[in-house]
Amino acid sequence: MPSIFISYRRTDSGDITGRIYDRLVGYFGPQVIFRDIQSIPFGVDFREHIGTELSGCQVLVAVIGPDWLTVKDKEGNRRLDHPGDWVRLEITTALERGIPVIPLLVRNAKLPKAKDLSDCLQPLAYRNSTNARSDPDFHPDMDRLIDGLEKVLVDQLPTQAVNLPAPNNIPNAKTSCFVDREQPIEKVHRLLEQYSLAVINSNGVGGMGKTELATQYSLKHRQDYSGGVCWLFPKQSDIGSQTTEFVRAHFSEVLIIPGDLTLQTQVSLCWNNWPGEKVLIVIDDLVNYSAIQNYIPLNNPRFKVLITTRERLSLPRSQQLILGGLPPESSRQLLEHLWGEDVFRQQESLAGQLCEYADHLPQNLHMIAKLAGEKFLAGGNS
């Protein structure tokens, strides 16, 4: 059942209402919007159908142009004064049922005064109105309308029922030996169960394995995310653009994003219509939190956001996992895996020194193991 009902008079605002309808459908989806000519099946009594749709709508948008109040019928009578006028019936029914009514003023129209309306329509004069002006103001005005509609809707808009495999763009794991990180993986899992946003923070130090930890978590728990895992790289390009590209690549059959919308609106469309019940968004190696704050869906309970960074973020410490170096024994275990057991046994006395030199950081150990291992295999002794 549609949640947003658009009431309008074709002779007053039919053309711009079509544009308004397209914007709302692009954001909320066609299943949520009712507009008479577009939504009534062939062969159905339009009076009954409109009445049924009104009984289930959660908000009515009344599009009011400059002639809305004064348009007349063939006999010269004002149409709004006729009890059977459908614009009058639509708005009156919504007002009587306590359905929120938003007057949307177009073409410089003014909100009608109560004295100019029939008794049943007079409450409309006291409803807070908004505008849908011509370009260049049309899209900003529609953004404000959409924001208002989201606040009015009582229940979360329905997600499209789709039967698609959960997509992901998780990077390949960089190591097959992920030592001493099982507990951190489970800590990340607990943080994301408790909060909508969790952070893996290396506290200003590189080489801690924060990206690898996020990768291993994503691989281990991706079956928990029916809506998929979307990996974003803020150092490469704008994460808003990356989000829309991911959706276009994986959900083009069920979700169309109009290209003439602002990027912020396109991203909001993605979040509101993303298929699947639960989605993981990973933002890897973040530098500037304020640059991405407006793009992440923190208020949508279907989404979990995992950030990796070495920056100090102004977020509660309870939402952050601060990584440190590996314990000495785990460092030696990683070095043994990288060298192979034979080489490690031959150089066991040196292994501890190299682990100390690497500060027990996984990335440093990988680099040292590669350089030293090549030297050992070539016959060097030190």
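This text follows the structure it describes.
Residues numbered from 1 in each chain as written. Predicted model: local features only at pLDDT ≥ 70, side-chain atom pairs only at ≥ 80, totals over all residues. Heavy atoms only, no water.

### Some thoughts on the sheet that holds strand E2 (residues 33-34)
1) Next: Across the sheet, 5 strands lie side by side as E2-E1-E3-E4-E5; this open sheet has parallel pairing. Of all strands in the sheet, those bounded by a partner on one side alone are E2 and strand E5 (130-132).
2) Next: For strand E1 (residues 4-7) and strand E3 (residues 59-64), the ladder comprises 4 bridges, and the chain directions are parallel. If you follow Ile6 over to E3, its bridge partner there is Val61.
3) Next: Docked against the sheet, helix H1 (residues 10-28) engages E1, E2, E3, strand E4 (101-106) and E5, running at close to 145° with respect to E3. (Pairing = 2+ DSSP bridges. Helix = DSSP H or I, 4+ residues; strand = E, 2+ residues; numbered from the N terminus. Contact = heavy atoms within 4.5 Å. Axes fitted to C-alpha atoms, helices over the stretch in contact; angles between N-to-C directions.)

### Things to note about the packing of aromatic side chains
1) Next: Summed over the entire model, instances satisfying the criterion amount to 7 aromatic pairs.
2) Next: Ring geometry for Phe251 versus Trp274: centroids 5.5 Å apart, planes at 70°, classification edge-to-face. Linking Phe251 in the loop between helix H8 (239-250) and helix H9 (263-273) with Trp274 in the loop between H9 and strand E8 (279-286), this pair joins segments that are 23 residues apart in sequence. The residues Phe251 and Trp274 share a single accessibility class, namely buried.
3) Next: Here the aromatic rings of Trp271 and Phe303 are separated by 5.1 Å at their centres, their planes lie at 70°, and the arrangement is edge-to-face. Taken together, the residues Trp271 in helix H9 and Phe303 in strand E9 (residues 303-309) connect sequence positions 32 residues apart.
4) Next: Among the aromatic side chains, those forming a connected cluster through ring pairs are Phe246, Phe251, Trp271, Trp274 and Phe303.
5) Next: Residue placement shows Arg19 over the ring face of Phe138; its charged tip is 4.0 Å from the ring centre.
6) Next: A cation over a ring is seen here: Lys278 above Tyr225, with NZ or CZ 5.1 Å from the ring centre. (Phe/Tyr/Trp six-rings, centres within 6.5 Å; stacked < 30°, edge-to-face > 60°. Buried < 20%, exposed > 50% of the residue type's maximum accessible area, 1.4 Å probe, protein only. Lys NZ or Arg CZ within 6 Å of the ring centre and 35° of its normal.)

### Concerning the sheet that holds E8
1) Next: Read across the sheet, 5 strands follow the order E7-E8-E9-E6-E10 without closing on themselves; strand pairing throughout is parallel. What marks the edges here is a single partner per strand, and that holds for strand E7 (229-232) and strand E10 (320-322). Looking at each pair of strands side by side, their axes are set apart by 15° on average, direction ignored.
2) Next: Direction of pairing for strand E6 (residues 197-201) relative to E9: parallel, over a ladder of 5 bridges. What sits directly across from Val199, in E9, is Ile307.

### What about helix H7 (residues 210-221)?
1) Next: Counted at 1.5 Å a residue, the expected span for H7 with its 12 residues is 16 Å, and the 16 Å between its end C-alpha atoms agrees.
2) Next: Counting buried residues along H7, 9 of its 12 residues qualify, which places the element largely inside the surrounding structure.
3) Next: For H7, every residue scored as buried is listed here: Lys210, Glu212, Leu213, Ala214, Thr215, Gln216, Tyr217, Ser218 and His221. (Expected span 1.5 Å × (residues − 1).)

Shape descriptors only; they carry no functional weight alone.
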